[in-house]
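# Structural overview
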Number of protein chains: 4
Amino acid sequence: MFFASDNTAPVAPEVMDALAQANQGYATPYGDDTLMSAARSRLRQVFGAPDAAVYLVATGTAANALSLALCTPPWGAVFCHRDAHVEVDECGAPAFFTGGAKLVLIDGAHARMSPDSLARALAAGDGSVHDVQRSMLSLTNVTENGTVYSPDQIRALTGLAKAHGLPCHMDGARFANALVALGCTPAELTWKAGIDMLSFGGTKNGLMGVEAVVIFDPAKAWEFELRRKRAGHLFSKHRYLSAQMLAYLTDDLWLTLARQANAAAARLSQGFATIPGGSLVHPTEANAVFAAWPRGRHRQAKAQGAQYSLAPFSQSMDGPDAVPLSARLVCSWCTSDDDVDRFLDLIRS
Amino acid sequence: MFFASDNTAPVAPEVMDALAQANQGYATPYGDDTLMSAARSRLRQVFGAPDAAVYLVATGTAANALSLALCTPPWGAVFCHRDAHVEVDECGAPAFFTGGAKLVLIDGAHARMSPDSLARALAAGDGSVHDVQRSMLSLTNVTENGTVYSPDQIRALTGLAKAHGLPCHMDGARFANALVALGCTPAELTWKAGIDMLSFGGTKNGLMGVEAVVIFDPAKAWEFELRRKRAGHLFSKHRYLSAQMLAYLTDDLWLTLARQANAAAARLSQGFATIPGGSLVHPTEANAVFAAWPRGRHRQAKAQGAQYSLAPFSQSMDGPDAVPLSARLVCSWCTSDDDVDRFLDLIRS
Amino acid sequence: MFFASDNTAPVAPEVMDALAQANQGYATPYGDDTLMSAARSRLRQVFGAPDAAVYLVATGTAANALSLALCTPPWGAVFCHRDAHVEVDECGAPAFFTGGAKLVLIDGAHARMSPDSLARALAAGDGSVHDVQRSMLSLTNVTENGTVYSPDQIRALTGLAKAHGLPCHMDGARFANALVALGCTPAELTWKAGIDMLSFGGTKNGLMGVEAVVIFDPAKAWEFELRRKRAGHLFSKHRYLSAQMLAYLTDDLWLTLARQANAAAARLSQGFATIPGGSLVHPTEANAVFAAWPRGRHRQAKAQGAQYSLAPFSQSMDGPDAVPLSARLVCSWCTSDDDVDRFLDLIRS
Amino acid sequence: MFFASDNTAPVAPEVMDALAQANQGYATPYGDDTLMSAARSRLRQVFGAPDAAVYLVATGTAANALSLALCTPPWGAVFCHRDAHVEVDECGAPAFFTGGAKLVLIDGAHARMSPDSLARALAAGDGSVHDVQRSMLSLTNVTENGTVYSPDQIRALTGLAKAHGLPCHMDGARFANALVALGCTPAELTWKAGIDMLSFGGTKNGLMGVEAVVIFDPAKAWEFELRRKRAGHLFSKHRYLSAQMLAYLTDDLWLTLARQANAAAARLSQGFATIPGGSLVHPTEANAVFAAWPRGRHRQAKAQGAQYSLAPFSQSMDGPDAVPLSARLVCSWCTSDDDVDRFLDLIRS
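Residues numbered from 1 in each chain as written. Chains lettered and ligands numbered in written order. Predicted model: local features only at pLDDT ≥ 70, side-chain atom pairs only at ≥ 80, totals over all residues. Heavy atoms only, no water.

### As for helix 10 (residues 221-230) of chain B
Residues spaced three or four apart along an α-helix point in a common direction, a consequence of the helix completing one turn every 3.6 residues. All names here are of chain B. Put simply, the test is: Here the term buried applies to any residue with accessible area under 20% of the maximum for its type, exposed to any over 50%, and partly exposed to those in between, with areas from a 1.4 Å probe on protein chains only. Runs of E in the DSSP output that reach at least two residues are strands. Runs of H or I that reach at least four are helices, and both are numbered from the N terminus.
Buried residues dominate helix 10, accounting for 7 of its 10 residues. Along helix 10, the residues that are buried comprise Ala221, Phe224, Leu226, Arg227, Arg228, Lys229 and Arg230. Phi for Gly232, located one or two positions after helix 10, is positive at around 75 degrees.

Encoded structure:
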C-alpha cells in the first residue's frame, strides 16, 4: 500500500528490457547515439511537430529549470500557480538556473490558475525599470492537486500571456496521465493550445529517470544544449536515457502505463464514498487522490504500514480521532486493484 | 576499435544485474533507499572514513561543480591545472555552480601541476579587496594526460594549499584507474594525502551513470544536499543509482574493471614501440595512451573505422603523410587484447 | 509643489559645503580616507555600537541588496512585507546579489508586517531539502506606506525570526524620519530591538547619494567588502561619500532635516481634513502622506504642475470627477509650508 | 608627491561649480533630469554617433561589468589582456555581472594584446558544447601599462573578433588620456575602429565619480537599463552625475585635463634619463610612467612621503640598495611640474 508518490514505483519491464538491449558494444556519447535519433523522431511524430528540438535529462527539476532559463532573463517574472512544483518543490532551482528570475504566484482553485488572477498579475507589471519584467507563463498538467487543464483551459491562459508576447511552458511531469484523462492528442494539449516548451515526464510513469524537453520553436536549441551541459545534465552514456525514452514511446507503452495509474486512482477515489467521514478534497482527474478522513483511521492505516503523505504536511497525527485530516494518495502504473482495496478496507474498518 | 573515450563502453554485466535486482516493488525516493545506506557504508569502509558524507549524482560535471561550489565563495580563486576537465570540458559549470568563482590555471608537464607553479600562483594572491581570494585547490587523478599523481605528489600540492588554509578537491573521474596503477589504498590517495573532497567516478569504469561525492569532513553535508537538489541532481528514483554504486564496490568489481582498462592501455602503449614513426606523447600510467604517429597511418585507421580523438583537436588530417599527429586513445574495462592488436596492426601496416 | 519623492529634493547646503571642503589635495582612495575614519567613528557613536562595521555605498538598492546577500545563502527565504522596496522596487536586485534567494511575502496593514502572518510563514518552512530554507527577516522603517515600526513592534517581529536563529535587517532608507517620529535612540530602534544589519539612508534626506551599511556584528565585515567591490560599489574617490556622511551626522543635521520633512508631511496630512471628499489612506507617521481625493481635483493639481504619484499607479485619470483616487505625497527636508499650503489650496478649490 | 593613482586627485573646480549649479530646486530622478538630456546630446555629438545609447554610472567597475554583461552570455568567453583591469582589479565583477562568463587571457607586450595571441585564442574555441563559447573582445585604452592602442592597432584586433561575429568593448577609464596622446577623434578611436561599446571614464580625469557607458548600437539599451537598476547602479539623484558629465564635456574640459596629466607624465618620464640606474619599464604614452630605479632611492622617496606603488606589488623594499625595483607613477590633471621635479630630485640625489 504505497501511495507516497508515483516515483516510488519500479521501472516498467519493457523499459528494463530496452536497457539490456542497449547495453551492447560501444556507443557515441553525449546524445549522438542512434537510439536518440530514433527517440527524437518518435517524439516529433507523437507531437506532430517535425521541427521540435528534443533533449533528454534525468530529473524533472532539471527539465523545468532549464526550460524556464531558456525563456526568461534574470530580471523576468515567471507566472505560475501558487502551488506549482517550480515554486514549492525545487529548492529554488528556477532562481538558480535563470540567474534570479522571480516567480509570481497566481491563485486558482485545485491548483489550476484562474484566468482572472493571471490577468490581474499580468496587468500589474507596468514595465517600469524599477520592477522585474513580465517574461513567461508556466503551468503544470497534471496539476499539483491531481486535476487537469483541458486544451481550452490552457488556451485561455496562454492567450493572456501571448497578448503580452510571453512564451508558455508546461511542466508535464505527469503529461501522460493528463493526456489519457482528457482523450485529446499531444499536439492539442501543447502547441495547438499555445505551449512553446514542454517538460515531458517519464520518471513518474515507469521510467528509471528520464524526462524530455520538447521545444516547439527550435530557435533556442543550441542555447539549451549549452545550458544543459553547463548544469551537468548532459550524460556521457546517453544511450541509456535514449533507450528508456524510446521504449516509453514504443507500442504506446507510456499511454498504457498512465491509464493503469489513472484507473487505480479512479477506483481509490470512488472508494472514499464508502469511508465514514471520508470526502474528496480535490476532484480526482488523473492518478492522484486528495481526500480527507478521520484521524483515527489515519492512525490505523499508518500502523499497518500504508505509505502516503498528509497534505499539507503540517497537520498533526496527535489529537482527537474524529477530526478529518487531508492526504495525498498517488497511484502509479503498478498500483493494483488489490492494493487499492486493501487500503480502503483498512481505513474503512 | 573504439578508443574515443571510456564513456563509450557498455555497462558491466554485474551492474546490469544489480539494476534488475533493484527493480522490485516500491522504494523510498530521494536517497532514503536501503541500497543507498549499504552503498554509503561500503564507501566509508573502502576509504577508512567512517564519518564521511557520501552522495550520488549521475554525471562527472555535477560531481565536480557541486564539490567546487561547496568549497569556494563566488569571489574565490580555484587553483587547477591548465588542462583540467573543470577548465576545458564543462562549459563553465564551475562558474555557474559557484556563482562566478575564477579558475586560476597552473602549469606542469603531462597535466600534473608543478609545485613551483602552484606556489607562485598562491603567493600572487595578496588578499587585496581588488582581486579574487585564494579559496581552494582542485586536481585530477588520473590526469587529463593519462598520468597519475602519487600520494607524495598529492601531498606536496595539498601542503602548499593548506599552508594558506585552502581545502583540496580531487576530480577522480578515473579514480579506480589511478588507484590500481599506484597500488596504494583509497585513504592514502585521498584524505591521508590532504584531499578533503573527492569526485569518485563510476561512469567511465563500467557504470551506467553514477559518481559519488565523498566529503571527508561532513560539516558541509547539508549544504551539499541543498545545492544538489537546487541543481536538479537529486534523483527521485535514487535506488537505481545506489544499486550501481553498491555493485561497483562489491567483490572489488571497480578494481577489476580498472585493472582491465589499464592493462589494455599498457599493451597498446607498448605496441607503439613497433609503429614506424610512432612515439608516446605522455607516459602511459593508467588507461589512456597519448601517442603520435604519421598522418598517413591515421588516415588508414580512420578509413577502417577506428574511433579516437586527435589531441589537440585542431590538427588537420589533410597534408603530407609523414607528418606525425598526436592522438588520445582511451581503453575501457571491455577493451580486449584483440581490439588493441587489430588497431596496432592497422597503423603498423 | 514637488511631492513625487524625497529623492527629487536638492542636497542640503551643509553637505555641499562639506564636499567643497573635502576637495583639497590628494586623498587615499577606496575608503581609506581620513574623512571615512571620522564618519565611521561618528556612526558608531550615534548607534552606541563601538564594534559595528560601517561601509558606505551610493544607492539604497546597493545597501539593501548587499545586506541581504550577507545574510542569506542562494537557497534561502527572506521574509519581507508584500510591499517592501526590496520586493517591488529594485528590479530583482536581491535575487541578483544573493544568487537567487527567494523573497517570501508577509501581509500586514499599512505596510507593517503582522506578527501572525510572519509566524505562519516561518512555521511553513519545514526544513525539507525540496524547499528553500528560512534565512532572514527584512523590514523597512519608515515603511513603504509612510508608517513607522516602534521598537516594540520591531522586537515582536525580530523575536519570531530569532526563535528560528534568523538574522534581521532593516531597510532604513528613511531611518532618520522614523527616528524623529518615534523619539527613541538609534540603538533602541536597531540592535536593542534585534536588528543585526541596517541600511542607513542619507540620499532621501539631503545627501547627494550616500547610504551607510551598519553591521552590528562585524564578523562578516570582510565578506561585505568583497561583495561591495565585486558589485562595483566601492568608490575610488571615496572621500566624497565620507564627507557627505560626516556632514550629515555633524550637529545633528540628519535629525534636523528629517524633522523638517516630517513636519511638512504632518501639515499636509492635517490639511486633508479640509479637502472635500479627501481622506487619508494610511496614517501619516513620518514624511509621506497617502491620501485619496476626487479625480477632478487630481486633474486640477496635475494641470497646475503638481508632481506626485498615484498609488497604485494603475489608477486612471480618465473618468468621473467625483471618484476618489489615492496618491502618495512625499515631503522632503526642503518642502516649505508654502508648498504645502499652495498644494492644498489647489485641490481644495 | 602623490603618484599612487589619478583617482587620488581632487575634483576639477569647473566640476564643483557645476554641482553647485545643479543644486537648485527639485529634479526628476533616475536619469530623467534635463542635465542628462544635455549630457547625452553632447556625448553623441562628441562621438559623432547620433543614435548611441548613453548611460551614467559612478564607478569604472560598474561601467565595465555592465558592459560585459550586455555582450556575453554566462557561458561565453571574453577575450582580454592578461593584465586587464577586468581580470586583475575588479574582484571578479565580470563573472558576477555576467553570471559566470570566463575571461580568456591574451598575451602581448606592454599590456597591448598581440594580434597573433588573440588569433590563436579565437581559433582554439571550437564551438564544442563542452567548452565555453567565444563571445566578445574587451581591450583597455590607455592600457594598464600606460601605453595606448592606435586606431589601426584597435582595428587589427576588432577585425579578428568580428571575423567570428564578436562584439568589441573598450575599457576607457583613461579614454581622454589616450585620445589626446593620439590626436585622433573619439569616433576614430571607437566605432570607426570596430568598438561597439565604450566605458568612457571621467573619475580618473577630474570628476567626482562618473563614467559613461556609450553603446553605439542601441538595440540593447533597455536591457542595459534593467541590468543597471538591478545592480543598484541607477541613481535617484541622478542630476549630480549628469552635471559632472556635462561640465566634463563643456569647453573641452576633459581634453584639457587629460593634456595636463599627460604632459606631467612626459616630464616625469624624461626625467628618468637623469636618474642614475633609472630606466623605463614601459613606453610612456599617456599619463602613467612605469620605471625602475635602485631600491635605495626608493627608500629615500618613501621616507620623504612620496606616494606610489611598486609594480608588481610583490617586490620587497628590504635588501641591497643597488637592486632596481619597478614602480608605477600616475599623473593626474593636477600634477604640477613642481611635483614632478621635486620627486625626481628626491630619487636623483
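### Things to note about the pattern of salt bridges
Keep this limit in mind: By convention in these notes, a salt bridge is any Lys or Arg side-chain nitrogen within 4 Å of a carboxyl oxygen on Asp or Glu.
Inspection of the entire model under this criterion finds 52 salt bridges over all chains. A salt bridge links Arg342 of chain B to Asp339 of chain B, with the nearest nitrogen and oxygen atoms 3.8 Å apart. Separated by 3 residues within a single helix, Arg342 of chain B and Asp339 of chain B lie in helix 14 (residues 337-348), roughly one turn from each other. Across the pair Arg299 of chain C and Asp321 of chain C runs a salt bridge whose closest N-O atoms are separated by 2.5 Å. Here Asp321 of chain C lies in the loop between strand 10 (309-310) and strand 11 (324-330) and Arg299 of chain C lies in helix 13 (residues 295-303), a separation of 22 residues in the sequence. Using a relative accessible area of 29% as the deciding quantity, one classes Arg299 of chain C as partly exposed. Here the salt bridges share partners, and the residues they tie into one network are Arg267, Asp337 and Asp341 of chain A.

### Thoughts on the relation of the copies chain A and chain B
For clarity, the cut-off: The fit set for superposing copies consists of C-alpha atoms from residues with pLDDT of at least 70 in both; the fit itself is least squares. Pairs of residues are marked as contacts when any of their non-hydrogen atoms sit within 4.5 Å.
Least-squares fitting of chain A to chain B yields an RMSD of 0.0 Å, with the superposition described by an axial translation of 0.0 Å and a rotation of 180 degrees. Taken together, the turn and the small shift mark the pair as related by a two-fold rotation axis. For chain A, the minimum C-alpha distance to the rotation axis belongs to Ala231 of chain A and amounts to 3.6 Å. A high fraction, 100%, of the interface residues of chain A reappear at the interface in chain B, so the copies pair face to face through one surface.

### Digging into the interface of chain B and chain D
Just so we agree on the cut-off: By buried area we mean the combined loss of accessible area, with a 1.4 Å probe, across both parts when two parts are placed together. Polar contacts, as used here, are pairs of N or O atoms within 3.5 Å; protein pairs need one atom able to donate a hydrogen and one able to accept it. Residues neighboring in sequence count only if both atoms are side-chain atoms. Just so you know the grouping, Ala, Val, Leu, Ile, Met, Phe, Trp, Tyr, Cys and Pro go in nonpolar, Asp, Glu, Lys and Arg go in charged, and all remaining residues, Gly too, go in polar.
On the chain D side, the residues contacting the 16 residues of chain B number 16 residues. Between chain B and chain D the total buried area reaches about 1,200 Å² when both faces are included, carbon and sulfur atoms providing 46% of it. Contact with chain D buries surface across chain B, with Cys91, Lys102 and His130 of chain B losing the most and accounting together for 35% of the total. Run the count over chain B and chain D and you get 2 salt bridges. For Lys102 of chain B, the salt bridge is made with Glu87 of chain D, and the minimal N-O distance between the two is 2.9 Å. At the boundary of chain B with chain D, the tally comes to 6 residue pairs in polar contact (both at pLDDT 80 or more). Residues that form the side of chain B that touches chain D fall into these classes: 7 nonpolar, 3 polar and 6 charged.

### Thoughts on the sheet that holds strand 7 (residues 211-215) of chain D
Residues and elements named next belong to chain D. This is how the line gets drawn: Here, a strand pair is defined by DSSP locating no fewer than two bridges between the strands. With axes taken as lines fitted to C-alpha atoms, and helix axes fitted only over the stretch in contact, angles between N-to-C directions fall between 0 and 180 degrees.
Strand order in the open sheet formed by 7 strands is 1-7-6-5-4-2-3, with mixed pairing between adjacent strands. Taken across any chain shown, the strands that pair with only one partner, and hence form the sheet edges, are strand 1 (53-57) and strand 3 (102-106). For this sheet, the mean inter-axis angle between neighbouring strands, taken without regard to orientation, is 20 degrees. Note: strand 1 against strand 7, 5 bridges, orientation antiparallel. Residue pairing across strands places Ala53 opposite Ile215, the latter belonging to strand 7. Strands in contact with helix 10 (residues 221-230) are strand 1 and strand 7; relative to strand 1, the strand with the most contacts, it is inclined by about 10 degrees.

### Quick notes on the sheet that holds strand 6 (residues 197-201) of chain A
All names here are of chain A. Strand order in the open sheet made by the 7 strands is 1-7-6-5-4-2-3, with mixed pairing throughout. Looking at strand neighbours, the two that pair on one side only are strand 1 (53-57) and strand 3 (102-106), the edges of this open sheet. Averaged over all pairs of adjacent strands, the angle between their axes in this sheet comes to 20 degrees, without regard to strand direction.

### Comments concerning the pairing of strand 4 (residues 133-140) of chain B
Residues and elements named next belong to chain B. Rules: Seen with its strands pointing away from the viewer, a crossover is right-handed when the path leading from the first strand over the helix to the second is clockwise.
The element strand 4 is extensively covered by neighbouring structure, given that 7 of its 8 residues are classed as buried. Bridge analysis of strand 2 (residues 76-81) against strand 4 gives 4 bridges, and the strand direction is parallel. The residue of strand 4 that forms the bridge with Gly76 is Gln133. In this structure, strand 4 lies alongside strand 5 (residues 168-172), joined through 4 bridges in parallel fashion. Looking at the pairing, Leu137 lines up with Cys168 of strand 5. Between the parallel elements strand 4 and strand 5, the chain passes through helix 7 (residues 151-162) in a crossover that is right-handed.

### Quick look at the side chain of His238 of chain A
Counting through the fold element by element, His238 of chain A comes out in the loop between helix 10 (221-230) and helix 11 (239-249). Not counting residues within four places of it along the chain, the set of residues in contact with His238 of chain A comprises Tyr30, Gly31, Asp33, Met36, Leu56 and Arg228 of chain A.

### Describing the relation of the copies chain B and chain D
Mapping chain B onto chain D is achieved by rotating through 180 degrees and translating by 0.0 Å along the same axis, at an RMSD of 0.0 Å. When you check the interface residues of chain B against chain D, 100% turn up at the interface there too, and the contact is symmetric in its surfaces.

### Some remarks on a negative patch on the surface
Residues and elements named next belong to chain A. Rules: Patch membership is restricted to residues that have no salt bridge and whose relative accessible area is over 30%. Joining uses 9 Å for like charges and 5 Å for the nonpolar side chains Val, Leu, Ile, Met, Phe, Trp and Tyr. In this description, accessible areas are obtained by the Shrake-Rupley approach with a 1.4 Å probe, and a residue is regarded as covered only by the protein chains that are shown. Think of it this way: Lys and Arg go in the positive column, Asp and Glu in the negative one, and His and the chain ends go nowhere. Lys charges are placed at NZ, Arg charges at CZ, Asp charges at CG and Glu charges at CD.
Negative charge collects at one region of the surface, where Glu14, Asp17, Asp251 and Asp252 lie side by side. Here Asp252 lies in the loop between helix 11 and helix 12 (253-271). A residue is classified by how much of its surface remains accessible, and Asp252, at 35% relative accessible area, is partly exposed.

### Describing the side chain of Ser117 of chain A
Residue and element names in this part refer to chain A. Along the polypeptide, Ser117 turns up in helix 6 (residues 115-124). Ser117 gets classed as buried once you look at its relative accessible area, which sits at 10%. When sequence neighbours within four positions are dropped, the list of residues in contact with Ser117 reads Ile106 and Asp107.

### Some points on the packing of helix 3 (residues 60-71) of chain C against helix 10 (residues 221-230) of chain C
Residue and element names in this part refer to chain C. Where we set the bar: Angle categories are assigned with fixed cut-offs, so that under 35 degrees is roughly parallel, over 145 is roughly antiparallel, 65 to 115 is roughly perpendicular, and the rest are oblique. Left-handed is the label given to a crossing in which the near helix is rotated counterclockwise from the far helix by less than a right angle, and right-handed is the label when the rotation is clockwise.
The contact between helix 3 and helix 10 brings their axes to 10 Å, and the two run at 135 degrees. Between helix 3 and helix 10, the angle is such that the two are oblique. Of the two elements, helix 3 crosses helix 10, and the hand of that crossing is right-handed. On helix 10, the residues touching Leu66, Ser67, Ala69 and Leu70 of helix 3 are Glu223, Phe224, Arg227 and Arg228. Looking at the contact of helix 3 with helix 10 residue by residue, the class counts come to 4 nonpolar, 1 polar and 3 charged.

### What about the packing of aromatic side chains?
Going by this rule: Any Phe, Tyr or Trp ring, taking Trp's six-membered ring, that has another such ring centre within 6.5 Å forms a pair; planes under 30 degrees apart are called stacked, those over 60 apart edge-to-face, and the others tilted. Two limits define a charge over a ring: the Lys NZ or Arg CZ must be within 6 Å of the ring centre, and within 35 degrees of the ring normal.
Counted by the stated rule, this structure contains 66 aromatic pairs over all chains. Ring centres 5.0 Å apart and planes at 5 degrees place the aromatic pair Tyr26 of chain C and Phe2 of chain D in the stacked group. One end of the pair, Tyr26 of chain C, is in the loop between helix 1 (13-22) and helix 2 (34-47); the other, Phe2 of chain D, is in the segment before helix 1 (13-22), on a second chain. Note on Tyr26 of chain C: relative accessible area 24%, which makes it partly exposed. Looking at Phe2 of chain D, the relative accessible area reads 18%, which means it is buried. On the numbers, 6.0 Å between centres and 85 degrees between planes, the contact of Trp293 of chain D with Phe343 of chain D is edge-to-face. Within this pair, whereas Trp293 of chain D is found in strand 9 (residues 288-294), its partner Phe343 of chain D is found in helix 14 (residues 337-348), the two being separated by 50 residues in sequence. By the ring-pair criterion, three or more aromatic residues cluster together here, those being Phe47, Phe175, Phe200, Phe216, Tyr248 and Trp254 of chain A. Here the basic side chain of Lys302 of chain A rests over the ring of Tyr308 of chain A, its NZ or CZ set 4.1 Å away from the ring centre.

### Some words on the interface of chain A and chain B
By a widespread convention, an interface's size corresponds to the accessible area lost as its parts come together. Listed by partner, the interface residues are 48 residues for chain A and 48 residues for chain B. Taken over both partners, the interface formed by chain A and chain B buries close to 4,100 Å², and the fraction arising from carbon and sulfur atoms is 60%. If you sort the residues of chain A by the area they bury against chain B, Tyr26, Arg230 and Lys237 of chain A come out on top, with a joint share of 21%. Seen at the junction of chain A and chain B, the total is 0 salt bridges. Taken together, the links from chain A to chain B amount to 27 residue pairs in polar contact (both at pLDDT 80 or more).

### Considering the state of the cysteines
Among covalent bonds in proteins, the disulfide is the one between the sulfur atoms of two cysteines. Residue and element names in this part refer to chain A. In plain terms, the rule: By disulfide we mean two sulfur atoms from cysteines, separated by a distance within 2.5 Å.
Taken as a whole, this structure holds 0 disulfides over all chains when the rule is applied. Of all cysteine sulfurs, the one in Cys80 lies closest to Cys91, which takes part in no disulfide; the gap is 16 Å. You can call Cys91 buried: its relative accessible area is 1%.

### Comments concerning the environment of Asn287 of chain D
All names here are of chain D. Relative to the elements of secondary structure, Asn287 occurs in the loop between strand 8 (279-280) and strand 9. Measuring from C-alpha to C-alpha, the distance between Asn287 and Ala261 comes to 5.4 Å, with 26 residues separating the pair along the chain. Separated by 3.0 Å, the side chains of Asn287 and Asp6 make a polar contact.

The analysis is restricted to geometry; functional conclusions fall outside its scope.
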